[in-house]
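# Structure assessment
The primary structure of each chain is shown beneath.
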Amino acid sequence: DRMPFQVGDQVACMGTGFANHADFIAVPKHLVRVIPDGVTQESASFGALGCIAIQGIRRLDLSPGERVGVIGLGLIGQICARLLRAMGYQVFGTDLALERVERAKEVHGASMWHLGETDSRGYILSQTEGNGLDGVVVCAATGSDEPVNLAFDLCRHRGRVSVIGDVGLGLQREKMYRKELELRVSCSYGPGRYDNDYELAGEDYPIGHVRWTEHRSLGFFLRLLESGILNLDSLISAHYPVDQAREAYQSIKAGDADIFGVLIDYP
């Protein structure tokens, strides 16, 4: 890790209250990484969302080669599917919006299906030799309990479910009990988040005790971009100059299924 930073470095940063759209910002060192040569600012700007997805994946505690589903293919779900592929997992995904399913089909080798037109459990059993998925990452945003209970239906015996999205958690115990499933909640960027000693005072966790802190995950995300294994270009739906920031946020809040990443450009 390069510390201190050099004047003129391009950096990726994250953190609510720190990484704001402003003329000047002050960001704690564990929430900043130098952007590697060959990685664009546009791609690096997805760093915070990338770390949220990475932490959700890591909470499953699975091994590369295992089968992982993504429920909810909005922006974080799209990033999650691409990260799963880059990290060596078999990728499956679904959404109620056909536009999002079609975009996710860009992930090489992934199996995607439209939630409204398919028997999800039957489809997954047909694709997994009757076993089900090893794990599911729930990226949906809804007050409904359906996404998390659908995740239980799709899992194999002793599978795991990781919840990133803000979803209802009215759990159907019988589904969990019968398969001995585990439900895990994923917190933001991972270890270090909301710990003032780590984030504000800059006290690191020893790598032998905490392998993937939020700072190390951000570095991992940028390395995947640098290697070309991960490409998020197709998720950039629009650019707005900073003086049209209001319009940029309105385009996101409209909730159109074909809008993913919206970038604000500074002259």
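The paragraphs below set out a description of the structure included in this document. (Residues numbered from 1 in each chain as written. Predicted model: local features only at pLDDT ≥ 70, side-chain atom pairs only at ≥ 80, totals over all residues. Heavy atoms only, no water.)

## Describing unusual backbone geometry
- The backbone of Arg158 shows a phi angle near 60°, a positive value even though the residue is not glycine.
- Turning to its location among the elements, Arg158 is positioned in strand β7 (residues 155-163).
- Even without being a glycine, Ser188 presents a positive backbone phi close to 50°.
- For Ser188, the location among the structural elements is in the loop between β8 (182-185) and α8 (196-199). (Helix = DSSP H or I, 4+ residues; strand = E, 2+ residues; numbered from the N terminus.)

## Some details on the pairing of strand β6 (residues 133-138)
- Burial of β6 is extensive: six of the six residues sit out of reach of the surface.
- As paired elements, strand β3 (residues 67-71) and β6 share four bridges and run parallel to each other. What sits directly across from Ile71, in β6, is Val138.
- As paired strands, β6 and β7 are joined by five bridges and run parallel to one another. Its bridge partner being in β7, Val138 is matched across the sheet by Val163.
- This β-α-β element, β6 to helix α6 (residues 146-154) to β7, shows right-handed connectivity. (Buried < 20%, exposed > 50% of the residue type's maximum accessible area, 1.4 Å probe, protein only. Pairing = 2+ DSSP bridges. Right-handed = clockwise from strand over helix to strand, strands pointing away.)

## Quick notes on the nonpolar core
- Core analysis: the biggest nonpolar cluster contains 45 residues, and Cys80, Leu83, Leu84, Phe221 and Leu232 have the highest contact counts within it.
- The set of elements that each furnish at least two residues to this core consists of α2 (47-58), β3, α3 (75-86), α4 (98-104) and α9 (214-227).
- The contacts of Cys80, once residues within four sequence positions are left out, are Ala53, Ile57, Val70, Val137 and Cys139. (Core = buried A, V, L, I, M, F, W, Y, C linked by side-chain atoms within 4.5 Å. Contact = heavy atoms within 4.5 Å.)

## Notes on the pairing of β3
- With respect to burial, β3 is a largely interior element, five of its five residues being buried.
- The two faces of β3 match: Arg67, Gly69 and Ile71 on one face and Val68 and Val70 on the other face are all buried.
- Relative to strand β4 (residues 90-95), β3 runs parallel, the two being bridged by five bridges. What sits directly across from Val68, in β4, is Val91.

## Quick word on α2
- In a regular helix each residue adds 1.5 Å, so 12 residues correspond to 16 Å; α2 covers 16 Å between its end C-alpha atoms and thus fits that length.
- The element α2 is largely enclosed, with a buried count of 10 among its 12 residues. (Expected span 1.5 Å × (residues − 1).)

## Focus on the side chain of Ser251
- By the element assignment, Ser251 lies in helix α10 (residues 245-253).
- Apart from residues lying up to four places away in sequence, Ser251 is in contact with Tyr240, Ile259 and Val262.

## What to know about the environment of Arg173
- Within the fold, Arg173 resides in helix α7 (residues 173-179).
- Judged by its relative accessible area of 59%, Arg173 falls in the exposed class.
- In this structure the C-alpha to C-alpha distance between Arg173 and Glu117, which are 56 residues apart in sequence, comes to 26 Å.

## As for α6
- Summarising burial for α6: seven of the nine residues are buried, a large majority.
- Listing the buried residues of α6 in full gives Pro147, Val148, Asn149, Leu150, Ala151, Phe152 and Leu154.

## Quick look at the packing of aromatic side chains
- Within the structure shown, the criterion is met by three aromatic pairs.
- Pairing Trp113 with Tyr123 gives two aromatic rings, centres 5.2 Å apart and planes at 40°, and the pair type is tilted. Of this pair, Trp113 sits in strand β5 (residues 111-114) while Tyr123 sits in helix α5 (residues 120-127), and the two are 10 residues apart along the sequence.
- Classification of Trp113 by relative accessible area gives buried; the value is 4%. (Phe/Tyr/Trp six-rings, centres within 6.5 Å; stacked < 30°, edge-to-face > 60°.)

## Some remarks on the state of the cysteines
- For the structure shown, the criterion picks out zero disulfides.
- In this structure Cys13 is not part of a disulfide, and its nearest cysteine sulfur, from Cys51, lies 12 Å away.
- The cysteine Cys80 is free of any disulfide, with Cys139 supplying the nearest cysteine sulfur at 4.4 Å.
- Overall, the relative accessible area of 0% leaves Cys80 in the buried class. (Disulfide = S-S within 2.5 Å.)

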